[in-house]
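A closer look at the structure
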Amino acid sequence: MYLLSQMGKSSFKFAWVLDKLKAERERGITIDISLLKFNTQKYSMTIIDAPGHRDFIKNMITGTSQADVALLVVSAAKGEYEAGVSRSGQTREHALLAYTLGVKQIIVCVNKMDLTEPPYSQKRFDEVVRGVSGFLKKIGYDSATVPFVPISGWTGENMITATQKMPWFQGWKTRRREGNTSGRTLLEVLDSVQPPVRTINKPLRLPLQDVYKIGGVGTVPVGKIETGVLKPGMTLMFSPAKLTAEVKSIEMHHQGLETALPGHNVGFNIKNVSVKNLRRGDVAGNAQQDPPSDVSSFEAQVIILNHPGKLKTGYSPVLDCHTAHVTCRFAELKEKLDRRTGKKLEDHPQMLRSGDAATVKMVPIKPMCVESFFTYPPLGRFAARDLKQTVAVGVIKSVEKDHGSKFRAQVCK
């Protein structure tokens, strides 16, 4: 740990292990997402370490869109908790994005308990739990299902073994339909999560997180399989890249796989495709079974959360959907809705404000592959960002596919 304290970054001891970029280690912040595998008694888990800093929220969304469970780390240190949950803080926005992107299980770690006044203060823990529970409930989470665990990442307190320094902590409890769970440590919470239902019987959809060129191997796209199955020998269609290519081999955490299933974070080698022709946000699917295609427009139900002015036709925020980040234009405001009941209030409204819900026709300004929420849920949810904040969230009701794309596909064997 000599290097960390030398750089004045001693409080980032464990974050430093996952931060691999030189800029990350020097600035003491996570910039891009990284994956690491570990095993608990019950599960084999992949940590997707996502940045919390607002400058890199685009990368945080790419990571969150692949997650099954969110681990929200909230600092209990004086001033840090208040900054995180303020109107412009990142803690609220991260929880909202996790919910919007379909992460329905959330765990809250109250970190830096060693820095409260006095250290390991029950009063401070209770204050953080009250505040965070309040805004998680407003977002849509059921507070009875959310465990709160006090920890110190720096001293390792209450992470793997029960703490002696917080005798007041009686343990965490959750109530779910599947049954009630309880325990004391963070590790026990991780073992209590419910694996989501995976859809194997649908056609393959695999949004790319990154594409690498590996010497002696070739082009290796990486991403999480959302639906369907991936096998060596399959011919994939990439959209909106308009390419087809054959899968040579598949790996997960440096181990070869003959069959990759939904939920697996995989890298796969493809033949004769340059790394320049694929990018983050492209979607891979089976060329023989409902291949993905880019869309010319789509209809979405949106809720405007946080915008200082009036939104009119022509408004063009950046949409974050699965791993894609593309500017989309509000081409037509079709209906204004009651956000609680979903009933129509008004046809063709002139404008929308914060708090309004509406059905909107949207047009991406660059080629983009998305799907209806009802057919492929992970590819049908989005957040809209503008002014360095999340201004709206929504689900895609229907898509207008760009049928011209299939005839322009370049075949690579």
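Scroll up for the structure.
Here's a quick rundown of the structure. (Residues numbered from 1 in each chain as written. Predicted model: local features only at pLDDT ≥ 70, side-chain atom pairs only at ≥ 80, totals over all residues. Heavy atoms only, no water.)

1. So, the overall build of the protein chain
Rules: Each helix is a run of H or I in the DSSP string that is no shorter than four residues. Each strand is a run of E no shorter than two, and both are numbered from the N terminus. Burial here depends on accessible area, computed with a 1.4 Å probe over protein chains only, as a share of the maximum for the residue type. Under 20% is buried, over 50% is exposed, and the range in between is partly exposed. Contact criterion: two residues are considered in contact whenever any of their non-hydrogen atoms come within 4.5 Å of each other. All accessible-area figures derive from a Shrake-Rupley calculation using a 1.4 Å probe, and residue coverage is judged against the displayed protein chains alone.
Each helix and strand counted, the protein chain has nine helices and 22 strands in total. Of all 413 residues assigned to the protein chain, the portion counted as buried reaches 51%. For the protein chain, long-range pairs separated by at least 24 residues make up 67% of all intrachain contacts whose partners lie at least 6 apart in sequence. Summing over all exposed atoms, the protein chain offers an accessible surface of approximately 19,800 Å²; the carbon and sulfur share of this is 52%.

2. A few points about the pairing of strand S19 (residues 357–364)
Heads up, the rule is: DSSP bridges decide pairing: two strands pair if at least two such bridges lie between them.
Within S19, seven of the eight residues are buried, leaving the element largely enclosed by the surrounding structure. Two elements, strand S15 (residues 295–304) and S19, share six bridges in a ladder whose sense is antiparallel. Bridged to glutamine 301 within S19 is threonine 359. Judged from the eight bridges that link them, strand S17 (residues 324–337) and S19 form a sheet pairing that is antiparallel. What sits directly across from phenylalanine 330, in S19, is methionine 362.

3. A word on the nonpolar core
To keep it simple, the criterion reads: Throughout this description, the term nonpolar core refers to a set of buried Ala, Val, Leu, Ile, Met, Phe, Trp, Tyr and Cys residues connected via side-chain atoms within 4.5 Å.
Membership of the largest hydrophobic core comes to 39 residues, with the highest contact counts inside it found for Val108, Val110, Met113, Phe125, Val132, Leu136 and Phe148. Per-element accounting of this core gives the leading share, seven residues, to helix H7 (residues 122–139). In this structure valine 108 touches Leu72, Val74, Val132, Leu136, Val146, Pro147, Phe148 and Val149, once residues within four positions along its chain are discounted. Grouped together as the second largest cluster of nonpolar side chains are 25 residues, Leu319, Cys321, Cys328 and Ile396 included.

4. Regarding the sheet that holds strand S5 (residues 148–150)
The cut-off we apply is this: Each axis is a line fitted through C-alpha atoms, and for a helix only the stretch in contact is used; angles between axes span 0 to 180 degrees, taken between their N-to-C directions.
Spatially, the three strands line up as an open sheet ordered S3-S4-S5, and their pairing is parallel. In the strand order of this sheet, the two ends are held by strand S3 (69–75) and S5, each with one partner. Pairwise comparison of adjacent strand axes, ignoring direction, gives a mean angle of 25° for this sheet. With three bridges joining them, strand S4 (residues 105–111) and S5 adopt parallel strand pairing. In the sheet register, valine 108 faces S5, and the bridge partner there is phenylalanine 148. Packed on one face of the sheet, H7 meets S3, S4 and S5 and runs near 150° to S5.

5. Here's the deal with the side chain of aspartate 282
Formally: In this charge count, Lys and Arg are treated as positive and Asp and Glu as negative; neither His nor the chain ends contribute. Any carboxyl oxygen of Asp or Glu within 4 Å of a side-chain nitrogen of Lys or Arg constitutes a salt bridge here.
Within the element layout of this structure, aspartate 282 appears in the loop between strand S13 (265–270) and strand S14 (283–286). One buried charge, aspartate 282, has no salt-bridge partner; the nearest side chain with opposite charge is arginine 279, at 5.5 Å.

6. Observations regarding a nonpolar patch on the surface
Spelled out, the test is: The patches reported here contain residues having more than 30% relative accessible area and no salt bridge. Joining distances are 9 Å for like charges and 5 Å for nonpolar side chains (Val, Leu, Ile, Met, Phe, Trp, Tyr).
Nonpolar side chains collect at one region of the surface, where Tyr212, Ile214 and Val217 lie side by side and expose about 250 Å² of accessible area between them. Position of valine 217 among the secondary structure elements: in the loop between strand S8 (206–214) and strand S9 (218–224).

7. Brief notes about the environment of arginine 381
Mapping arginine 381 onto the fold places it in strand S20 (residues 381–386). The spatial distance from the C-alpha of arginine 381 to the C-alpha of aspartate 320 is 8.6 Å, given a sequence separation of 61 residues.

8. Looking at unusual backbone geometry
Glutamate 117 connects to proline 118 through a cis peptide bond whose omega is -10°. Among the structural elements, proline 118 can be located in the loop between S4 and H7. With an omega of 5°, the peptide bond between serine 239 and proline 240 qualifies as cis. Within the secondary structure, proline 240 is located in the loop between strand S10 (235–239) and strand S11 (243–252). Even without being glycine, asparagine 158 reaches a positive phi, approximately 65°. Residue placement: asparagine 158 occurs in the loop between S5 and strand S6 (172–176). Of note in the backbone geometry, aspartate 290 takes a positive phi value of approximately 45° without being a glycine. One can find aspartate 290 in the loop between S14 and S15.

9. Examining the environment of glycine 140
If you trace the backbone, glycine 140 turns up in the loop between H7 and S5. In this structure the C-alpha to C-alpha distance between glycine 140 and leucine 96, which are 44 residues apart in sequence, comes to 8.7 Å.

10. A look at the packing of helix H6 (residues 90–100) against H7
Rules: A clockwise turn of the near helix away from the far one marks a right-handed crossing, whereas an anticlockwise turn of less than a right angle marks a left-handed crossing. Residue polarity is assigned by list, with Asp, Glu, Lys and Arg as charged and Ala, Val, Leu, Ile, Met, Phe, Trp, Tyr, Cys and Pro as nonpolar; anything else, Gly included, falls into the polar class.
Where H6 meets H7, the axes come as close as 10 Å, and the angle between the chain directions of the two elements is 35°. For the crossing formed where H6 meets H7, the hand is right-handed. From H6, Thr91, Arg92, Ala95, Leu96 and Tyr99 reach across to H7, where they touch Phe135, Leu136 and Ile139. Among the residues making up the contact of H6 with H7, the classes are represented as six nonpolar, one polar and one charged.

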